Every structure is written in structure tokens, then in C-alpha cells.
Amino acid sequence: MKLAIVGGGPAGLYLSILLKRQDPAHDVAVYERNPAGSTYGWGVTYWAGLLDKLRAGDPESAAAVAEASVTWNDGVAIVRDERTVHRGDAGFGIGRRRMLALLADRARELGVRVEFEHDIPGADAPELAGADLVVAADGVNSVLREAHADHFGSEVVSGRNPYIWLGTTKVFDSFSFAFKETEHGWIWCYAYGFSGERSTCVVECSPETWTGLGLDTRGETDSLRFLEKLFHDLLDGHELIGRDRADGAAQWLTFRTLTNRVWHRGNLVLLGDAAHTTHYSIGAGTTLALEDALALADALRAHTDLDTALTTYGKRRRAELLSAQSAARYSARWYENLPRYMRLEPAHMFALLGQRHSPLLPHVPPQLYYRLDRAAEQLEPLRRLKRWLGPRLARATQGRR
């Protein structure tokens, strides 16, 4: 087969590796419009289950990713200057640029043509002519998808809270949070290490806090210095960094949740952020994109008819994503309703931070939920009641809207 993959992110590169491993005779090309090493973002997170899947798909690239990753086990939160610790499962961080370099090297090693600074402006581009399969892995703003947005049933919902994606020279050995109350409302930070030299910091707040603090009008340098002072106890005197390449200043954004009703049209198929996005607060974007690549490769191997393969892939992944998409929606809403939880003791608030994916939590007073959750740890009938009641309350609430 001749396969053209548009977009050199984790999903596109990893799919090229899987397809070349399935059949070295495949003609596989990856086209990335940006220069090598110019990726946006800092570090990405994942958990051990992903590594197991990557090892099954391609042991060599999985080993390289694992070796380049850092690990943490605890969650730490600073709430009103009080530090609390939550023990949890091991998590992993890796620099996005480092991950892409490893996957690109592995793809080339297998015979994939990886072409940077090669823009594909649309489906009629000559590079796509004669391709048996065209993969739109070109992100949430996919040009290939937008040309047929009505067919795909694309829907985008914008979140309420502004956020900014930053780096720092502080190396965190745990997934860390800091919540700061200002005269204009709460502002908070998520931080995690991804190498021995850098960490990622994502700062978020309500629109009212954003404008009240003047973050809507401050320049990048002024904003970074202001945030450094605000989160001084989290950063321990280390600096915040905007963009580490000359591609413009770090920007405040609102998260856009993308869904698509169908995932393919003829020989064009969606992959990764071109197909779906989930709020960054659940840390699953890269994992879900790589799982897309695994599922698409599986479908292409199992079905000789292309339409059957692509239909099977889309149905499978849309079903598998339901749980993550639900968790992401509730997580985003938890932060959008943060003041509801900030009257709790810091340790209790941090416990409910870990429960933010629950469909029951928005319908129960926070302190009561905390007590129920602690009791459910000891009583199996109460655990079953929580699992049963949450989705039903959520559906009832949706039905009244």
C-alpha cells in the first residue's frame, strides 16, 4: 500500500512505525509542516498501561521512550500555603520534543520517509495523489478534516477558563498543584517533571480572575514574572519560561473539546487530535492518540477491505473513548466550579480533586461527598451505590437542560 500521513505528531509517527513493521513493502510517508524540533508544548504525561501497549506494538520505540522518561508516584498540593500529599500510582513524563525525535528516528530506521517543513494544504495536494490511504493526523485544526467537516460531523465546544502552557527550570519529582486565592478569585497551577532539567507548568483561572489580575493585557515577560511571584512556594525561586523557540510568545487559550460523528471519508481517516480532544486536566491526550494508532494498525491488519477496516477502527475508538471523554468533561467542570470545593480543609479538597471525574460529585455537597467516599472505602454496598447513582443523576440533569 501507499500511505500518506499528514502530521508528524506522536500519533502520525507511531502509526508509520506500526505500518512499516506490519509490511516493510508499504510505501509510508509522513509530512509535517513545521521544522524538526519546533514542536509546541513542553512535557507530556502517561501511565504504565501505555508502555505495555507500546511494547506490544514496537518494543524498540517503547524502550527508547521509557528510557527517556521520568517517573513520579505522589501528588502534592499547596492550598492556602498548606502542603498536602496524596499517594498514587506511578506516572511518567517525557519531553514532547524528545518523544517526537525518538519516534521519527525509529520511523526512518524502518524505511518511513519523514519530511519536515512539508506543508500539505489540502486533499488535492500532489503528494496525496495515488495514496491508498490518507491519514489526517494534523491536529485539532486539521485542514483535511475541515474540508469535509459536515461529513465528519465535527463539533467543537470551548471551555470557560483561560489557561497558559509554560515551562520551568524547577524539576518536580511529584505531580504538583498550587491553588492561590487573590482578591479577584482563585488561580492555580499544575506542574510535573519531564526531564532532569525542565518541568511543565499549566496555569489556569476563571475569566473573571484573568481579567481582574490584568493577565489579559500584560505582555509575556510581565505575566511570567507576576506568576513566578504568585507561585513562589511551588517554584522555589525558579523561573517560568514561555516558548523555548522563536515562534511567538506563550498565549492564554481556552480549551476546545473536539468530537466527530464519523472518522473516515473514502480513503481519508482521522487520527489523534484531528479526531478528538480531551481536556488537558486528565493528562490523556498523547495516550489516546497513540492508542488510536494502535487501533488503526490493528484494523488494517485484520481487514483487507479498506472501508471495512476504517469503519471498524472508528466504531472501536469512539466506543473506547467514552469513558475518557466523560472523565475529561467532569474534570474540566470541577475546575470551572473550583470555589465550590475551596471551603473544605486542604486535605479534603485534595481528596475531591482526585474524585473530580465522578458524575456523582457535582450533585452532592462536597463535605458530604467526602464522608461518603471515605465510608465507601470500607463498605462495598456503598461503593456499588456510588457507581450506580452517579450516571443516573448525570443523565437526569442532562435531560432537564
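Residues numbered from 1 in each chain as written. Predicted model: local features only at pLDDT ≥ 70, side-chain atom pairs only at ≥ 80, totals over all residues. Heavy atoms only, no water.

Asks: Would you mind showing me how to read helix H12 (residues 346-353) here?
Replies: For an α-helix the count is 3.6 residues per turn, leaving residues at separations of three or four pointing the same way. Taking burial as the measure, the 8 residues of H12 include 6 buried ones, the bulk of the element. Those residues of H12 lying buried are Pro346, His348, Met349, Phe350, Leu352 and Leu353. Of the surrounding elements, those touching the buried residues of H12 are strand S4 (70-79), strand S5 (82-95), strand S9 (175-182), helix H11 (306-336) and helix H13 (366-376). (Buried < 20%, exposed > 50% of the residue type's maximum accessible area, 1.4 Å probe, protein only. Helix = DSSP H or I, 4+ residues; strand = E, 2+ residues; numbered from the N terminus. Contact = heavy atoms within 4.5 Å.)

Asks: I keep staring at the side chain of Asn260 and nothing clicks. Help me out?
Replies: Secondary-structure assignment places Asn260 in the loop between strand S13 (253-259) and strand S14 (264-265). Overall, Asn260 belongs to the buried group, its relative accessible area being 7%. Among the polar contacts made by the side chain of Asn260, one reaches the side chain of Ser154 at a distance of 2.5 Å. Here Asn260 is in contact with Arg145, Phe152, Gly153, Ser154, Leu270, Ala274, Ala275 and Arg318, once residues within four sequence places are set aside. (Polar contact = N/O pair within 3.5 Å; in protein donor to acceptor, adjacent residues only side chain to side chain.)

Asks: What's the story with the packing of helix H1 (residues 10-22) against helix H10 (residues 285-302) in this structure? I'm lost.
Replies: For any two helices packed against each other, one specifies the inter-axial angle together with the distance between the axes. Interhelical geometry of H1 versus H10 gives an angle of 30 degrees and a closest axis separation of 9 Å. Classified by the angle their axes make, H1 and H10 are roughly parallel. The handedness of the crossing between H1 and H10 comes out as right-handed. In this structure, H1 uses Pro10, Ala11, Tyr14, Leu15, Leu18, Leu19 and Gln22 to contact H10, whose residues at the interface are Thr286, Ala289, Leu290, Ala293, Leu294, Leu296, Ala297, Asp298, Leu300 and Arg301. Along the lines of polarity and charge, the residues of the contact of H1 with H10 split into 13 nonpolar, 2 polar and 2 charged. (Axes fitted to C-alpha atoms, helices over the stretch in contact; angles between N-to-C directions. Parallel < 35°, antiparallel > 145°, perpendicular 65-115°, else oblique. Left-handed = near helix turned anticlockwise from the far one by under 90°. Nonpolar A, V, L, I, M, F, W, Y, C, P; charged D, E, K, R; others polar.)

Asks: Would you explain the layout of surface pockets in this entry?
Replies: Vacant regions in the atomic arrangement are exposed by a probe of water-molecule size rolled over the atoms. A volume near 490 Å³ is recorded for the second largest pocket. Lining of the second largest pocket is provided by 22 residues; of these, Val157, Thr257, Gln325, Arg329 and Arg333 occupy positions nearest its centre. Looking at the lining of the second largest pocket, the elements that each hand over two or more residues are strand S8 (155-168), S13 and H11. (1 Å grid on protein atoms, 1.4 Å probe; cavity = no way out; pocket = protein on both sides within 12 Å on 5 of 7 lines; lining within 4 Å. Points joined across faces, edges and corners; volume = space filled by probe spheres on them.)

Asks: Would you mind showing me how to read the packing of aromatic side chains here?
Replies: Each aromatic ring pair is summarised here by two numbers: the centre-to-centre distance and the angle between the ring planes. As enumerated under the stated definition, the model contains 18 aromatic pairs in all. For the ring pair Tyr46 and Phe92, a centre distance of 5.1 Å and an interplane angle of 10 degrees mean the geometry is stacked. Remark: Phe92 occurs in strand S5 and Tyr46 occurs in strand S3 (residues 43-47); sequence separation between them is 46 residues. Across this residue pair, the class does not change: Tyr46 and Phe92 are buried. Centre to centre, the rings of Trp72 and Tyr192 are 6.1 Å apart; their planes meet at 40 degrees, and the pair counts as tilted. Here Trp72 is found in strand S4, whereas its partner Tyr192 is found in strand S10 (residues 185-193), with 120 residues between them in sequence. Both residues of the pair, Trp72 and Tyr192, belong to the buried class. If you follow Arg218 out to its NZ or CZ, it ends over the ring of Phe226, 4.2 Å from the centre. Residue placement shows Arg333 over the ring face of Tyr330; its charged tip is 5.5 Å from the ring centre. (Phe/Tyr/Trp six-rings, centres within 6.5 Å; stacked < 30°, edge-to-face > 60°. Lys NZ or Arg CZ within 6 Å of the ring centre and 35° of its normal.)

Asks: Hey, could you run me through the environment of Ala56 in this one?
Replies: Relative to the helices and strands, Ala56 resides in helix H2 (residues 48-57). Classification of Ala56 by relative accessible area gives exposed; the value is 66%. Remark: the alpha-carbon pair of Ala56 and Leu294, spanning 238 residues in sequence, is separated by 9.5 Å.

Asks: Honestly, H2 in this entry has me stumped. Any pointers?
Replies: When we look at burial in H2, the residues that qualify are Leu50, Leu51, Leu54 and Gly57. Buried positions in H2, seen along its axis, are confined to an arc of 120 degrees and lie on one side of it. Buried-residue contacts for H2 involve H1, S3, helix H3 (59-67), S5 and H10. (Arc of directions from axis to C-beta.)

Asks: Mind showing me how you'd approach the nonpolar core here?
Replies: When a protein is soluble and globular, its nonpolar side chains tend to lie buried together. With 67 residues, the main nonpolar core has Tyr14, Leu15, Leu128, Val135, Leu271, Leu296 and Tyr313 as its most contacted residues. Considering every element that reaches this core, the biggest residue donor is H10, with 10 residues. Beyond its immediate stretch of four places on either side in the chain, Leu296 contacts Leu15, Val269, Leu271, Leu310 and Tyr313. Of all hydrophobic cores here, the second largest spans 29 residues; its members include Tyr163, Phe179, Tyr341 and Leu360. (Core = buried A, V, L, I, M, F, W, Y, C linked by side-chain atoms within 4.5 Å.)

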